[in-house]
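# Breakdown of the fold
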Amino acid sequence: MKEKLEALKVEALAKLQEVTDPQTLNDLRVKYLGKKGELTEVLRGMGGLSAEERPVIGQVANLVRSAIEDVIAVKQEAFVQQETQARLQAEKVDVTLPGRALPQGGLHPLSRVIREIEDIFIGMGYKVAEGPEVETDYYNFEALNLPKNHPARDMQDSFYLTEDLLMRTQTSPVQVRTMLEMNGETPVKIICPGKVFRRDDDDATHSFQFHQIEGLVIGRNIRMSDLKGTLQQFVSEMFGPNTRIRLRPSFFPFTEPSVEVDVSCFKCGGDGCRLCKQSGWLEILGSGMVHPNVLRAGGYDPEVYSGFAFGMGVERIAMLKYGIDDIRNFYINDMGFVKQFKGI
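Residues numbered from 1 in each chain as written. Predicted model: local features only at pLDDT ≥ 70, side-chain atom pairs only at ≥ 80, totals over all residues. Heavy atoms only, no water.

### Some points on the packing of aromatic side chains
For clarity, the threshold we go by: Any Phe, Tyr or Trp ring, taking Trp's six-membered ring, that has another such ring centre within 6.5 Å forms a pair; planes under 30 degrees apart are called stacked, those over 60 apart edge-to-face, and the others tilted. Think of it in three bands: residues with accessible area under 20% of the maximum for their type are buried, residues over 50% are exposed, and the middle band is partly exposed, with areas taken using a 1.4 Å probe on protein chains only. Two limits define a charge over a ring: the Lys NZ or Arg CZ must be within 6 Å of the ring centre, and within 35 degrees of the ring normal.
According to the stated counting rule, one finds 13 aromatic pairs in the structure shown. With a centroid separation of 5.6 Å and 85° between ring planes, the pair formed by Tyr300 and Tyr305 is classed as edge-to-face. Residue classification places Tyr305 among the buried residues on the basis of a relative accessible area of 16%. An aromatic cluster is built from Phe121, Tyr126, Phe234, Phe308 and Phe310, whose rings are joined through pairwise contacts. Directly above the ring of Tyr139 sits Arg177, whose terminal nitrogen or CZ lies 4.1 Å from the centroid.

What follows is the structure, given as structure tokens:
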């Protein structure tokens, strides 16, 4: 048996030296060292050996196994090295080539207008306040002087999640939340940008989702003249120093008195053109003095405090500022449209 083991060793080592690929190496490993391999077959004859011969043959068998395993291990390492070198060569990168410059992006026109409006009002001492897009009926309507079954709700009844939760139809709830957080302290001086949702059919000037920026100021002796001066400052910075404003009486449940605000057409200077439909004026926002019921809902005594509020559609401002005639352009992900505003 000892001679068989030695002959097996010589045969195996000779064949292993001729191996040139990993598959053949694995096949030889199975042939000689596997469960049904030749070394196992030889060792099955140890049952017929005497007690003195078994340890000797066992030692020889272990030496044969170790010799074969050592050669296989060396060969495997060599194949791994060859594979690694081949992969490195195939994936070689020429670091001397010039880099490919990535195209530089730009701000979406809506983001650009929001930032510009925020900068103007921050320059006037306002803070930016935010709130949830999913609102309760109380904050979205009731606290804004729109009790249940109020007819003015018909224009804003929107996407309800439950009987009491809906996607906010305006950013005015942020004003109420801010007043309550202030706990009666003044001054309150905030703007509230964000998405709002209404039950509108999509067309060139309407969308079920759009952006608003609303403003709120509360303090002692706040007057309509303060509102007018604030808005005049805003339009002068937004549309140009020669832009004028015009206030027209209107109705909003959360302000009293309420006014619509027009600006003189910044394209024709008020002479009349296609943009302003020959009127010389462009409607841009609504505003007014905060209604006493809204002040009470926010924790302020209307006998002591007063305030004004205003709200504007960001898309409306952007369409006027950049001459865009279809609100849907803001949302269709047309790179040709967006690239027009790069570098503005």
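There's more to say after this.
### Points about the pattern of salt bridges
What counts is decided by this rule: Salt bridge criterion: a side-chain nitrogen from Lys or Arg within 4 Å of a carboxyl oxygen from Asp or Glu. Helix and strand definitions here come from DSSP, where helices need a minimum of 4 consecutive H or I residues and strands a minimum of 2 consecutive E residues; each element is numbered from the N-terminal end.
For the structure on display, the rule yields 10 salt bridges. A salt bridge links Glu11 to Lys15; the nearest nitrogen and oxygen atoms lie 3.6 Å apart. Of this pair, Glu11 and Lys15 both sit in helix α1 (residues 2–17), 4 residues apart, which is roughly one turn of that helix. Classification of Glu11 by relative accessible area gives partly exposed; the value is 32%. Ionic pairing is found between Arg87 and Glu83, a salt bridge with its closest N-O pair at 3.1 Å. Taken together, the residues Arg87 and Glu83, both in helix α4 (residues 53–90) and 4 residues apart, mark about one turn of the helix. According to the relative accessible area criterion, Glu83 is partly exposed, its value standing at 47%. Each of Arg246, Arg248, Asp262 and Glu283 takes part in salt bridges that share partners, so that together they form one network.

### Remarks on a nonpolar patch on the surface
Under the convention used in this document: Patch rule: a residue counts if its relative accessible area is over 30% and it has no salt bridge; like charges are joined within 9 Å, and nonpolar side chains (Val, Leu, Ile, Met, Phe, Trp, Tyr) within 5 Å. Values of accessible area rely on a 1.4 Å probe in the Shrake-Rupley scheme; residue burial ignores everything except the protein chains shown.
Together, Val134, Leu161 and Leu165 make up an exposed nonpolar region whose accessible area comes to about 230 Å². Its location among the elements puts Leu161 in the loop between α6 (137–140) and β3 (165–167).

### Comments concerning the packing of helix α5 (residues 109–123) against helix α10 (residues 314–322)
Test applied: Between the N-to-C directions of two axes lies an angle of 0 to 180 degrees, each axis being a line fitted to C-alpha atoms and, for a helix, fitted only over the stretch in contact. Working definition: roughly parallel below 35 degrees, roughly antiparallel above 145 degrees, roughly perpendicular at 65 to 115 degrees, and oblique for all remaining angles. The contact criterion used throughout is that any non-hydrogen atoms of two residues lie within 4.5 Å.
For the pair α5 and α10, the least separation of the axes is 9 Å and the interaxial angle reads 100°. On the basis of their axis angle, the class for α5 and α10 is roughly perpendicular. Residues Pro109, Leu110, Arg112, Val113, Ile114 and Glu116 of α5 lie in contact with α10, whose contacting residues are Val314, Glu315, Ile317, Ala318, Lys321 and Tyr322.

### Section: unusual backbone geometry
Here Thr186 and Pro187 are connected by a cis peptide whose omega angle stands at 0°. Among the structural elements, Pro187 can be located in the loop between α7 (172–182) and β4 (188–197). The linkage connecting Glu256 with the following residue, Pro257, adopts the cis geometry, with an omega of 0°. The phi dihedral of Asn221 falls on the positive side, at around 60°, and the residue is not glycine. In this fold, Asn221 is placed in the loop between β5 (209–219) and α8 (224–239). Asn221 gets classed as exposed once you look at its relative accessible area, which sits at 64%.

### Description of the sheet that holds β5
Basically, it comes down to this: The rule for pairing is simple: two strands pair if DSSP sees at least two bridges between them.
Here 7 strands make up an open sheet; going across it, the order is β1-β4-β5-β9-β8-β7-β6 and the pairing mixed. Strands with a single pairing partner mark the edges of an open sheet, and in this sheet they are β1 (127–128) and β6 (245–252). Across 7 bridges, the pairing between β6 and strand β7 (residues 255–264) is antiparallel. Along β7, the bridge assignment pairs Phe252 with Thr255. The strands touched by α8 within the sheet are β6, β7, β8 (281–290) and β9 (306–313), with β8 carrying the most contacts at an inclination of about 145°.

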